[in-house]
Amino acid sequence: MKSVSNIADADAFYEAWIAAHEGLSDAESADLDARLVLVLANQVGELQVLLDCIAAARRAGG
Amino acid sequence: MAAAEVWKFAPEYALPVWPFIAPSDLGARERKRYPVVIAGGGLSGLTLACDLLLRGIEVVVLDEDDTVGVRGASSRGICYAQKSLETFERLGIYEKIRAKGITWSVGRTFSGADEIYSFDLDDESHSEQPPFINLQQFYLEWFLVERIRELDANAIRWRNKVVSVEQGSERAVVAVDTPAGAYALEAEWFVDATGANSRIREELGLDAHASRHTDRWCISDVRFKKPLPVERWTWIDAPFNEGRGVWQHLMADEVWRLDYQMDEHADPESISKPDIAGQRLRAQLGPDVEFEFVWIGPYQYRDHLLDTFRVGRTIFVGDAAHVVCPFGARGGNNGIQDAGNLGWKLALVVEGKAGEALVDSYTAERHAAAVENLRVTSRTARFLAPRSAAEHRMRRAVVALARNHAFARKLANTGRMAQANEYPPSPWAPDGARSLQNVALGSTTVTGMLAGATRFLGLWPGAGDAEVAALDDLARRLPIAVHAVAADCALTRQLGVAPQTLVLVRPDAYVAATLAAPTPASVEAALRRALALEETR
């Protein structure tokens with residue numbers, strides 16, 4: 001799993017991510033993120049990397 | 001108010017009954033010893049008995065009933081997978097199954113009114129047998145009983161109930177009760193095929209680690225005239241079942257199995273009332289389709305798995321050893337695979353042609369398969385019955401994306417169909433073992449080549465006569481027959497092996513080893529390993 005920055009334009013990505021959630025209820029936002037996880041997971045592909053990503057996200061939640 | 005609909009019921013199936021015949025052991029002065037005694041005449045027990053009889057091994061099957069199937073029930077298992085069908089081809093009942101059953105290979109998954117996923121199992125099939133045939137379980141058991149009776153009219157002892165088992169180091173003593181009195185017999189190997197509620201397992205004090213699932217379903221087996229495709233259809237969330245799952249499958253005699261997911265708190269008695277079940281069917285089939293019930297049955301899933309499938313001289317097969325959720329037809333088919341795995345091993349051990357450790361390889365391979373089946377079916381169960389708002393959200397995401405994105409379709413999990421499990425590396429198969437489909441080879445097939453004596457096959461693509469002849473001495477000493485096959489054939493295509501690679505095939509049509517540059521010595525070493533014989537002569 002990559003921990004160093006790999007997103008070409010991090011701020012632009014974050015801006016787009018926020019924009020995608022605009023006008024959505026909490027439930028709709030959560031649904032959107034769930035779909036986003038799946039689409040992104042398919043870009044990554046490799047199972048071990050995905051498992052590492054899940055673990056890292058879970059750890060960061062405290 | 002419209003008059004309440006009157007529901008029709010088909011007459012119950014008339015199942016065959018076989019007579020109790022007092023066994024010669026009753027009143028005999030000395031306890032008789034048999035090489036193999038099997039308790040339980042269900043799928044796994046009957047398959048094993050038939051397999052052993054064809055290998056020339058004397059078998060006794062003790063069945064406490066005098067018929068097949070489950071009394072009062074239409075059917076349990078319905079889908080028989082390719083590996084099972086290949087086994088039945090070898091046992092000589094495949095043609096009957098094909099003629100009576102429903103051949104299919106396409107499955108479709110729906111969400112609401114939309115198809116979101118489909119598969120065609122023919123795409124990966126090289127076999128002479130189709131990926132699946134649907135057939136009521138009692139027909140299959142019936143065919144097996146008839147075949148067994150052809151081979152040995154007295155092998156199955158009806159209304160012979162196992163009362164107790166006493167384990168010794170070289171045999172088990174089995175106490176049996178019959179309508180004509182009690183007797184005991186000795187078994188070099190005793191096989192428990194008495195199913196999920198095995199009392200033998202309990203008597204030996206074995207913990208099967210049982211657990212129950214909360215998801216609740218209700219089967220309606222129904223006959224109707226509505227032209228539906230002969231495919232496996234599953235709904236994740238059917239509009240005609242209050243947004244819950246539905247399964248739709250055709251069996252023999254134009255009987256459809258419609259399986260409805262229920263509210264987990266539903267009362268099993270009320271959801272299986274004809275009036276309630278009838279309204280469910282009306283909602284699915286529409287107002288004008290006439291139908292008749294064959295059977296209605298509510299159920300909940302359970303699973304269990306023994307730590308080992310061999311304890312002393314007792315061996316567990318089928319549901320006595322493992323039970324999983326029914327998704328993907330991984331119940332009955334794995335009982336049949338247990339039998340296919342065990343039959344040749346017991347035959348060669350009984351005949352002294354293989355080391356006794358080969359019986360332990362049965363546990364190593366089939367326990368690993370059961371663990372895999374448990375994992376696969378548990379994943380399906382979790383997809384079909386989300387346990388939290390977050391899990392519902394994940395499933396909604398899959399369904400939403402599946403409409404336009406191929407990758408998401410593969411995540412829709414309404415059951416992963418039973419396959420011949422791959423076996424992990426073991427002392428008997430250092431590279432593991434995987435099933436060889438029943439491919440055509442010249443004028444015969446793998447199954448055809450395996451028929452008759454219990455022996456391995458050395459299939460050698462592109463080999464010359466002299467090379468094969470160099471293995472004649474080996475074939476005289478050990479159970480193997482070596483055949484040259486075409487350098488490019490269905491075998492090499494299925495396994496992806498290069499010409500000149502010798503493929504060592506076990507009697508259960510699993511590949512025990514592939515030898516890239518075979519010599520008589522390397523073939524013998526691999527064969528001895530697979531037979532659990534000493535490495536040195």
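These numbers were taken from a predicted model, which means no experiment stands behind them.

Quick notes on the rules
Residues numbered from 1 in each chain as written. Chains lettered and ligands numbered in written order. Predicted model: local features only at pLDDT ≥ 70, side-chain atom pairs only at ≥ 80, totals over all residues. pLDDT = per-residue confidence, 0-100. Axes fitted to C-alpha atoms, helices over the stretch in contact; angles between N-to-C directions. Helix = DSSP H or I, 4+ residues; strand = E, 2+ residues; numbered from the N terminus. Parallel < 35°, antiparallel > 145°, perpendicular 65-115°, else oblique. Left-handed = near helix turned anticlockwise from the far one by under 90°. Contact = placed C-beta atoms within 7 Å. Nonpolar A, V, L, I, M, F, W, Y, C, P; charged D, E, K, R; others polar. Domains from an automatic or database assignment. Pairing = 2+ DSSP bridges. Buried ≥ 20, exposed ≤ 12 C-beta atoms within 10 Å, placed from the backbone.

Asker: What is the right way to look at the confidence of the model for chain B in this model?
Answerer: Confidence along chain B averages 95 in pLDDT terms, with 98% of residues attaining 70 or more. Complex prediction metrics read pTM 0.96 and ipTM 0.97.

Asker: What should I look at first to understand the packing of helix α1 (residues 43–54) of chain B against helix α8 (residues 332–350) of chain B in this one?
Answerer: Axis angle and axis distance: for two packed helices, these are the angle between their axes and the distance between the axes, and together they describe the pair. All names here are of chain B. Axis separation between α1 and α8 bottoms out at 8 Å; the angle between their running directions is 30°. Between α1 and α8, the angle falls in the class roughly parallel. Helix-helix and strand crossings are classified by hand; for α1 and α8 the assignment is right-handed. Contacts from L43, S44, T47, L48, D51 and L52 in α1 reach G332, G335, I336, D338, A339, G340, L342, G343, L346 and A347 in α8. Of the residues contributing to the contact of α1 with α8, the split by class is 8 nonpolar, 6 polar and 2 charged.

Asker: In this structure, what is going on with the domain arrangement of chain B? I would like to understand it.
Answerer: Size of an interface: often given as the accessible area lost when the parts come together. Residue and element names in this part refer to chain B. When the domains of chain B are assigned, the result is domain 1 (33–101 + 134–210 + 303–377) and domain 2 (434–530). Contact residues are listed per partner, giving 12 residues for domain 1 and 12 residues for domain 2. Secondary-structure elements contributing two or more residues to the side of domain 1 that touches domain 2 are α2 (82–91) and α8. Among the residues making up the side of domain 1 that touches domain 2, the classes are represented as 3 nonpolar, 3 polar and 6 charged.

Asker: I'm lost on the sheet that holds strand β21 (residues 434–435) of chain B in this one. Help?
Answerer: Strand pairs in the sheet, formed through backbone hydrogen bonds, run parallel or antiparallel to each other. All names here are of chain B. The strand order across the open sheet formed by 5 strands is β21-β27-β26-β24-β25, and the pairing between neighbours is mixed. Where the open sheet ends on each side, the last strands, each with one partner, are β21 and β25 (480–485). Looking at chain direction, β21 and strand β27 (residues 510–515) are connected through 2 bridges and run antiparallel. Opposite S435, over in β27, you have Y510 as the bridge partner. Here helix α16 (residues 520–530) sits on the sheet and contacts β24 (456–461), β25, β26 (502–505) and β27; the angle it forms with β27, its principal contact strand, is near 150°.

Asker: Got a minute to help me understand unusual backbone geometry in this structure?
Answerer: Trans is the prevailing form of peptide bonds, just as negative phi is the prevailing case for residues other than glycine. All names here are of chain B. In the Ramachandran plot, H209 falls in the positive-phi region, its phi being about 55° despite a non-glycine side chain. Here H209 is to be found in the loop between α5 (199–203) and β13 (211–224). Judged by the 11 C-beta atoms lying within 10 Å of it, H209 is exposed. Not every positive phi belongs to a glycine, and A532 is a case in point at roughly 55°. Note on placement: A532 falls in the segment after α16.

Asker: Honestly, the sheet that holds strand β8 (residues 132–134) of chain B in this entry has me stumped. Any pointers?
Answerer: Residue and element names in this part refer to chain B. With antiparallel pairing, 3 strands are arranged side by side in an open sheet as β4-β8-β5. Of all the strands in the sheet, just β4 (79–81) and β5 (102–104) have a single pairing partner and so form its edges. Ignoring which end each strand starts from, the neighbouring axes of this sheet average 30° apart. Where β4 meets β8, 3 bridges bridge the pair, whose relative direction is antiparallel. Within β8, the position partnered with A81 by the bridge is F132.

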